[in-house]
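Given next are the chains, with one letter for each unit.
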Amino acid sequence: MSTRPWSSTAPPGEFHTYVSADESPAEFTLRAIILGALFGLLFGAVTVYVGLRAGLTVSASIPISVLSISILRAFGRATILENNIVQTTGSAGESLAAGVIFTMPALIFLGFGLDYWRVFFLALLGGWLGVLFMIPLRRQLIVKEHGNLSYPEGTACADVLVAGERGGSFAGRVFLGLGLGGVYTFLMNTGGAWKGRPDYQPKWFPGASFRADITSEYLGVGYIIGPKVGGLLLAGGVVSWLLLIPAIKFFGSAVPTAILYPGTSPISGMTPDQIWSTYIRPMGAGAVAAAGLITLLRTLPTIISALKSGLKDVRAENAGQSAAASRIDRDISMRTVVVGSLVLVVMMWMLLTFKPVPGAASGLVANLFAGVFVVVFGFLFVTVASRISGLLGNSSNPISGMTIATLMATCAVFLVAGWTGRNYAVLALTIGGVVCIASAIAGATSQDLKTGYLVGATPVSQQLGLLVGVSVSTIAVGATLIFMNKGLETFPAVELPLNVSALPVGVSVENSSYVFEGKTYVLVNAVGSAVIPDGKYLYDSGAAKITRQWIQGIGSDKAPAPQAKLMATVINGILTQRLPWRLVLMGVALVLAVELLGVRSLAFAVGSYLSIATTLAIFCGGAVRWLVDNTSKESKDDSEASPGALFSSGLIAAGGVFGLLAIALRLLELRGAQWPAYLEFGSHLPKSITDGNLFAVLMFALLAGSLFYFARKKLT
């Protein structure tokens, strides 16, 4: 290591890497790759779980770095470059998961099913493209723009790695959050010691509902995003749940028999949840779409500048870059990048042509067109995502906005060409999904490469580590997506009249022999119908009516997937034009009003779409952060490596891991598995405790108190 003082923020003329180019310590080792791959599996699964539920994702680089330092140290001395490979490989899982959950669940909202291998291959294609497209941009954006593009998460991660190299240890705080959060989540979910959602619906305020999903992951997410964003999320929830739903209930109750589209039953008999799913979610989708477009327009100057700079960078790379002699300036070759990208596009064409979504096959020309669009939009938004990530940080990257732009452009071309069938909706989503995943990977890859540049890593080793991380993480991301969709599904009883011999517009038969609980039904699918709300239903031929609704796990209040719903709304709005447009436009108007108040509307819009149970719990984490910042004797620390952020990372990981465990146990119970009675210790407690709101709120307050305490306690 260099004996000169090192600083990650030193100006270009004074900066030097922590490990010099002349040194060659252990880096791309088997143990580093294996540990990084395991972290990729873990954080990929956790990100899918938290992202589908909260609509938010948080960076995994810092927690992985911290855990890597501690774990590898236990197995003998590890180099800083090995720890960097671990975090580079592992963090690919989080960014890959973000791109997948923002788009792929939209298949459900478009009326199709989720298939593991389709999700797997599309995620793999998008992830690899994101890594490959970033390779020719590294020298310009990461090296030559040092001092102009800060890449805040990457810089913070480098500081953590250097501190660990010098003997610092932060892993204890992450493990503490993981332990406390794990015990809390296990007692609540598996043991049933208290209810997971305290709910109060006052009779003096009909339609209103005060509720919170008191999970450890929501508390941790709220602390990391802070009180400002948490407050905006809750503000959106307050408008939806304490203003709009009571207002709809009030006016609907004035005419007890009134049925308003897209509802199919009188408003006077609806619960707050039914009003939310029928009327508020279309408003929320319109709000999120408008906020995403406004965010995109606001960053348009940056996007144009990023695109121009990126094209210059590529021309400079092609004009005369000789083979890098220095270890810290060695990339995967451009020939590999070009050939690899072409192979991936051919693989995508083959997937669309020979293994299409059932009922959504498209022609050879359309599939070839999809491959071209993926290359054009993919490289465009990979460049943009990397530069914006360097300027504003990865958490501020408008990935959803760029995906919306891709979908709007694609759907507009499809509309002109007359490709408006359901199969082309799937094709448009495929294009948008691959581009979204590539853009998400590019933003995170940029941060990783910045960390590597600061500490003196070998770029080609990092790039190989990223490809390994993407490949391995895809296994967990696809599996968790399917797992949650199946594990959280329900079949509530409903009664809806339907004549299967003369189906209304927007309703189709998917399976005429669907077996549920030993009985055969006709499975029907409703999308954009004026008679039956969107969803899948079981038609009982004997009763000559629909008797059950199949509510899939993704799209339910337990995993609402707001970004994916938004993508489906955009596609349907342009191609099929069957949307409750008045409700969507109300959401747009709400966002415009918020923008006119001078408030950035994206977080508010997401909050208006999510359940207030989610936003209130997240806000509690933000409130703890505010208390810590205002009661600490030292100046507030916004670093991702602060004590509170590390403890919160443990809470998030605990909530994800034990939340998935609870879903697994539920699936096994449905298949007849029996568990020891002592695991269900909630059954031995009084009902007033296990079913009451007070005890649940008290336990959540104790968890929040532990976060407050350990956030103020200094790291050793």
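Owing to the predicted nature of the structure, the values given are computational and were not obtained by experimental measurement.

Reading the values: the criteria
- Residues numbered from 1 in each chain as written.
- Predicted model: local features only at pLDDT ≥ 70, side-chain atom pairs only at ≥ 80, totals over all residues.
- Heavy atoms only, no water.
- Helix = DSSP H or I, 4+ residues; strand = E, 2+ residues; numbered from the N terminus.
- Buried < 20%, exposed > 50% of the residue type's maximum accessible area, 1.4 Å probe, protein only.
- Contact = heavy atoms within 4.5 Å.
- Areas by Shrake-Rupley, 256 points an atom, 1.4 Å probe, with all protein chains shown as cover.
- Phe/Tyr/Trp six-rings, centres within 6.5 Å; stacked < 30°, edge-to-face > 60°.
- Lys NZ or Arg CZ within 6 Å of the ring centre and 35° of its normal.
- Axes fitted to C-alpha atoms, helices over the stretch in contact; angles between N-to-C directions.
- Parallel < 35°, antiparallel > 145°, perpendicular 65-115°, else oblique.
- Left-handed = near helix turned anticlockwise from the far one by under 90°.
- Nonpolar A, V, L, I, M, F, W, Y, C, P; charged D, E, K, R; others polar.
- Core = buried A, V, L, I, M, F, W, Y, C linked by side-chain atoms within 4.5 Å.
- Polar contact = N/O pair within 3.5 Å; in protein donor to acceptor, adjacent residues only side chain to side chain.
- Lys, Arg positive; Asp, Glu negative; His and termini not counted.
- Salt bridge = Lys/Arg side-chain N within 4 Å of Asp/Glu carboxyl O.
- Pairing = 2+ DSSP bridges.
- Bend = angle between axes of the 7 residues up to and from the residue.
- Expected span 1.5 Å × (residues − 1).
- Patch = residues over 30% accessible without salt bridge, like charges linked within 9 Å, V, L, I, M, F, W, Y side chains within 5 Å.
- 1 Å grid on protein atoms, 1.4 Å probe; cavity = no way out; pocket = protein on both sides within 12 Å on 5 of 7 lines; lining within 4 Å.
- Points joined across faces, edges and corners; volume = space filled by probe spheres on them.

**Student:** Residue-level account of the overall build of the protein, with values.
**Tutor:** When you go through the protein residue by residue, the secondary structure sums to 23 helices and 7 strands. For the protein, the proportion of its 716 residues judged to be buried stands at 58%. For the protein, the share of sequence-separated contacts (at least 6 apart) that also reach a separation of at least 24 residues comes to 80%. With the model as given, the accessible surface of the protein reaches about 28,000 Å², and the carbon-plus-sulfur share is 66%.

**Student:** Describe in detail the packing of aromatic side chains, supporting the description with residues and values.
**Tutor:** Per the counting criterion, the structure on display carries 26 aromatic pairs. Arranged with centres 5.4 Å apart and planes meeting at 75°, the rings of tryptophan 117 and phenylalanine 120 form a pair that is edge-to-face. With tryptophan 117 and phenylalanine 120 both in helix H5 (residues 116-134), this residue pair falls 3 residues apart, about one helical turn. Residue classification places tryptophan 117 among the exposed residues on the basis of a relative accessible area of 51%. Joined through ring pairs, the aromatic side chains of Phe369, Phe373, Phe377, Phe414, Trp419 and Tyr424 make up one cluster. The cationic tip of arginine 422 hangs over the ring face of phenylalanine 112; the distance from NZ or CZ to the ring centre is 4.2 Å.

**Student:** Which residues make up the packing of H5 against helix H15 (residues 422-455), and what are the values?
**Tutor:** Axis separation between H5 and H15 bottoms out at 7 Å; the angle between their running directions is 45°. Taken together, the axes of H5 and H15 lie oblique to each other. When you trace H5 past H15, the crossing you get is right-handed. For the pair H5 and H15, the contacting residues are Leu122, Ala123, Gly126, Gly127, Leu129, Gly130, Val131 and Met134 in the first and Thr430, Val434, Ile437, Ala438, Ile441, Ala442, Thr445, Ser446 and Leu449 in the second. Along the lines of polarity and charge, the residues of the contact of H5 with H15 split into 11 nonpolar, 6 polar and no charged.

**Student:** Can you lay out the nonpolar core for me, pointing to particular residues and giving the numbers?
**Tutor:** One finds Leu52, Leu481 and Met484 to be the most contacted residues of the largest nonpolar core, which totals 152 residues. Counting residues per element, this core draws most heavily on H15, at 18 residues. Sequence-distant contacts of methionine 484, that is, excluding residues within four places in its chain, are made with Val48, Tyr49, Leu52, Arg53, Gly553, Ala559, Leu660 and Ile663. Formed by 20 residues, the second largest nonpolar core is a distinct cluster that contains Tyr184, Ile214, Val624 and Met699.

**Student:** Outline the side chain of glutamine 552, supporting the account with residue identities and numerical values.
**Tutor:** Relative to the elements of secondary structure, glutamine 552 occurs in the loop between strand E7 (545-550) and helix H17 (562-575). A polar atom in the side chain of glutamine 552 sits 3.1 Å from the side chain of asparagine 485. If near-sequence neighbours (up to four positions away) are discounted, glutamine 552 is found in contact with Ile108, Asn485, Glu489 and Lys536.

**Student:** Residue-level account of the packing of helix H9 (residues 216-253) against helix H19 (residues 602-609), with values.
**Tutor:** Axis separation between H9 and H19 bottoms out at 7 Å; the angle between their running directions is 45°. Regarding the angle of H9 to H19, the classification is oblique. The element H9 and its partner H19 pack so that their crossing is right-handed. Between H9, through Val229, Leu232, Leu233, Ala235, Gly236, Gly237, Val239 and Ser240, and H19, the contact on the second element is made entirely by Ala603, Phe604, Val606, Gly607 and Ser608. Residues of the contact of H9 with H19, tallied by class, amount to 8 nonpolar, 5 polar and no charged.

**Student:** An account of the side chain of glutamate 94 is requested, with residue identities and associated values reported.
**Tutor:** Relative to the assigned elements, glutamate 94 resides in helix H3 (residues 80-101). Among buried charged residues, glutamate 94 stands out as having no salt bridge; its nearest opposite-charge side chain is arginine 625, 16 Å away.

**Student:** Any chance you could break down the sheet that holds strand E3 (residues 493-497) for me, citing the residues and the numbers?
**Tutor:** Taken together, the 5 strands give an open sheet; going across it, the order is E3-E7-E6-E5-E4, and neighbouring strands pair in antiparallel fashion. Of all the strands in the sheet, just E3 and strand E4 (507-516) have a single pairing partner and so form its edges. Along the sheet, successive strands turn relative to each other by an average axial angle of 35°, direction set aside. Sheet topology places E4 next to strand E5 (residues 519-526); 7 bridges connect them, and they run antiparallel. Residue pairing for E5: asparagine 511 is matched across the bridge by leucine 523.

**Student:** Summarise unusual backbone geometry; cite the residues concerned and give the values.
**Tutor:** Phi is positive for glutamate 517, which is not a glycine, with a value near 55°. With respect to the helices, strands and loops of the structure, glutamate 517 is situated in the loop between E4 and E5. Residue classification places glutamate 517 among the exposed positions, given a relative accessible area of 65%. Residue alanine 544 is not a glycine yet carries a positive backbone phi of 60°. Topologically, alanine 544 is positioned in the loop between strand E6 (535-540) and E7. Residue alanine 544 is classed as partly exposed on the basis of its relative accessible area of 43%.

**Student:** Which residues make up helix H10 (residues 272-298), and what are the values?
**Tutor:** Along its length, H10 shows its largest kink, about 45°, at isoleucine 280, and proline proline 282 lies within four residues downstream of that point. Of all 27 residues making up H10, 21 are buried, and the element is well covered by its neighbours.

**Student:** An account of the pattern of salt bridges is needed here, citing residue identities and associated values.
**Tutor:** Per the counting criterion, the structure on display carries 13 salt bridges. In this structure, arginine 211 and aspartate 273 form a salt bridge, with 2.8 Å as the shortest nitrogen-oxygen distance. Here arginine 211 is found in strand E2 (residues 210-211), whereas its partner aspartate 273 is found in helix H10, with 62 residues between them in sequence. Among the residues examined, aspartate 273 registers a relative accessible area of 28% and is labelled partly exposed. Here the salt bridges share partners, and the residues they tie into one network are Arg138, Asp329 and Asp331.

**Student:** Before we move on, can you summarise the environment of leucine 496 with the specific residues and values?
**Tutor:** Turning to its location among the elements, leucine 496 is positioned in strand E3. Residues leucine 496 and threonine 547, spaced 51 residues apart in sequence, show a C-alpha to C-alpha distance of 6.9 Å.

**Student:** Lay out H15 with the relevant residues and their values.
**Tutor:** An α-helix turns once per 3.6 residues; consequently, residues spaced three or four apart project the same way. The terminal C-alpha atoms of H15 lie 50 Å apart, and with 34 residues this matches the ideal 50 Å at 1.5 Å per residue to within 8%. Here H15 lies mainly inside the structure; 33 of its 34 residues are buried.

**Student:** Quick rundown of a nonpolar patch on the surface? Include the residues and the values.
**Tutor:** Together, Leu30, Ile34 and Leu38 line one region of the surface with nonpolar side chains, adding up to about 320 Å² of accessible area. Following the sequence through the fold, isoleucine 34 ends up in helix H1 (residues 30-54). Isoleucine 34 gets classed as partly exposed once you look at its relative accessible area, which sits at 42%.

**Student:** I'd like a description of the pairing of E7, backed by residues and values.
**Tutor:** One ladder, built from 3 bridges, connects E3 with E7; its direction is antiparallel. Paired with leucine 496 across the two strands is isoleucine 546, which belongs to E7. Bridge count between E6 and E7: 5 bridges; the pairing is antiparallel. Along E7, the bridge assignment pairs leucine 538 with arginine 548.

**Student:** Requested: an account of empty space enclosed by the protein, with residues and values cited.
**Tutor:** Using a probe with the size of a water molecule, rolled over the atoms, empty space left in the structure can be pinpointed. Going through the model one piece at a time under the given rule, you end up with 7 cavities of 30 Å³ or more. The wall of the largest cavity is formed by 15 residues, among which Phe43, Val46, Thr47, Val58 and Ile652 lie closest to the centre. Examining the composition of the lining of the largest cavity, we find that 4 residues originate from one element, H1, more than from any other. Size it by volume and the second largest cavity reaches roughly 90 Å³. The wall of the second largest cavity is formed by 13 residues, among which Leu352, Pro356, Val357, Val426 and Thr430 lie closest to the centre. Elements supplying a minimum of two residues to the lining of the second largest cavity: H5, helix H12 (334-354) and H15. Here the lining of the second largest cavity takes 4 residues from H15, the largest share from any one element.

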